[in-house]
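Survey of secondary and tertiary structure
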Amino acid sequence: MTAALLEAHDLCAMANGRDLVQAVSLSVAAGDRLAIIGPNGAGKTTLLRMLSGMLRPSSGEVKLTGRRLDRISAAERALHMAVVGQTDQPDPRLAVIDYVELGRVPHAGLRRRSEERDIVVDALRRAGLLPLLGRTIGSLSGGERQRAQLARAIAQQPKILFLDEPTNHLDPRARGELLELVAGLSMTVIAVLHDLALVAPFATKVAVMNHARLQALAAPREALTQKLIREIFGIDVLRLRHPTEDRELTVFEVPNRAAPPS
Ligand SMILES: Nc1ncnc2c1ncn2[C@@H]1O[C@H](COP(=O)(O)OP(=O)(O)OP(=O)(O)O)[C@@H](O)[C@H]1O
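Residues numbered from 1 in each chain as written. Predicted model: local features only at pLDDT ≥ 70, side-chain atom pairs only at ≥ 80, totals over all residues. Heavy atoms only, no water.

It is common to give the size of an interface as the accessible area that goes away when the parts come together. Here the chain is described as being made up of domain 1 (4–91 + 158–224) and domain 2 (225–262). Taking both sides of the interface into account, the surface hidden between domain 1 and domain 2 amounts to around 1000 Å²; carbon and sulfur atoms contribute 68%. When the area that domain 1 buries against domain 2 is broken down by residue, the three leading residues are Leu196, Arg221 and Leu224, summing to 52%. At the boundary of domain 1 with domain 2, the tally comes to one salt bridge. Note that Glu248 and Arg221 form a salt bridge whose closest N and O atoms lie 3.0 Å from each other. Here domain 1 and domain 2 share three residue pairs in polar contact (both at pLDDT 80 or more) between them. (Domains from an automatic or database assignment. Buried area = accessible area lost by both parts, 1.4 Å probe. Salt bridge = Lys/Arg side-chain N within 4 Å of Asp/Glu carboxyl O. Polar contact = N/O pair within 3.5 Å; in protein donor to acceptor, adjacent residues only side chain to side chain.)

The following block contains the structure:
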């Protein structure tokens, strides 16, 4: 059995007497790419925030390589985990390169300056931001800013990269490209994803959340079944042969309720 890098036991989050996440247990091994999916309000972001140590669970615990996350300082956590969230608001006056360099703060003093610079430039290159490194964050488009946030997280060289809806400002092509880039980093990744079409090509494991509970935790093919997806999202899953290539296409379709019965 593969040893767990991150484990959650019976995680619960409550606010105002309401369960936001209820009794979620899961484990993530090194190299896994876990996609957390589910309808709006299902508890995905709350779960991600607890797994990354940003939110303390009401009960239950998270362990990183067997150590309780709440007993690891924020400074040490930042050596192991990087988070690209939905609410990050980088200072708009910062130059892109200076912003990405912030990813190196947790590692300050551990490497030579030239090595530090190489890591930052490599992160900018991977995120396709070299042409923009002198621009200010405030001058970037939403999609470019999302890539800058990813570059900062890559520069942080975490063991686990947490992404909350990393593709929400990106055009359809850029969405696929960003997840391809992330998959190519050979990092352990936990990502909240809304676009179901991106899940199977990206994830090695899928956590399906609904009404604050984990409904399924399985490989994409087992998680993205017609039955479960219809039950949870109210949409159909069609698996079709690609018309010109030797591969399968998975299509998610909103049922046309107005269509006459065949
Ligand atoms: N601090 C809070 N206090 C009260 N309710 C909260 C708090 N944080 C989240 N919630 C509620 O908990 C539920 C789950 O929120 P969460 O952001 O985890 O859902 P989500 O699955 O990520 O949703 P979305 O897909 O819309 O981003 C939502 O109904 C939200 O309004």
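The structure having been displayed, the exposition proceeds.
Inspection of the secondary structure puts His80 in helix H2 (residues 74–80). Judged by relative accessible area, His80 falls into the buried class, the value being 15%. (Helix = DSSP H or I, 4+ residues; strand = E, 2+ residues; numbered from the N terminus. Buried < 20%, exposed > 50% of the residue type's maximum accessible area, 1.4 Å probe, protein only.)

Attention shifts here to the pairing of strand S8 (residues 188–192). For S8, a buried count of five out of five residues is recorded, marking the element as mostly surrounded by other parts of the structure. Burial of S8 is two-sided: the residues Thr188, Ile190 and Val192 facing one way and the residues Val189 and Ala191 facing the other way are all buried. Strand direction decides the pairing type here: strand S3 (residues 33–37) and S8, joined by four bridges, are parallel. In the sheet register, Leu34 faces S8, and the bridge partner there is Ile190. When strand S7 (residues 160–164) meets S8, the two strands line up parallel, connected through five bridges. Among the inter-strand pairings, Phe162 is bridged to a residue of S8, identified as Ile190. Each parallel crossover has a hand, and the one from S7 via helix H6 (residues 172–183) to S8 is right-handed. (Pairing = 2+ DSSP bridges. Right-handed = clockwise from strand over helix to strand, strands pointing away.)

So, about the sheet that holds S8. Strand order in the open sheet formed by six strands is S6-S7-S8-S3-S9-S10, and the pairing between neighbours is mixed. Either end of the sheet is taken by a strand with one partner, and the two such strands are strand S6 (81–84) and strand S10 (213–218). Each strand of the sheet is rotated relative to its neighbour by a mean of 15 degrees, with strand direction disregarded. Pairing of S3 with strand S9 (residues 205–210) involves four bridges; the strand directions are parallel. Across the sheet, Ile37 pairs through a bridge with Val208, a residue of S9. (Axes fitted to C-alpha atoms, helices over the stretch in contact; angles between N-to-C directions.)

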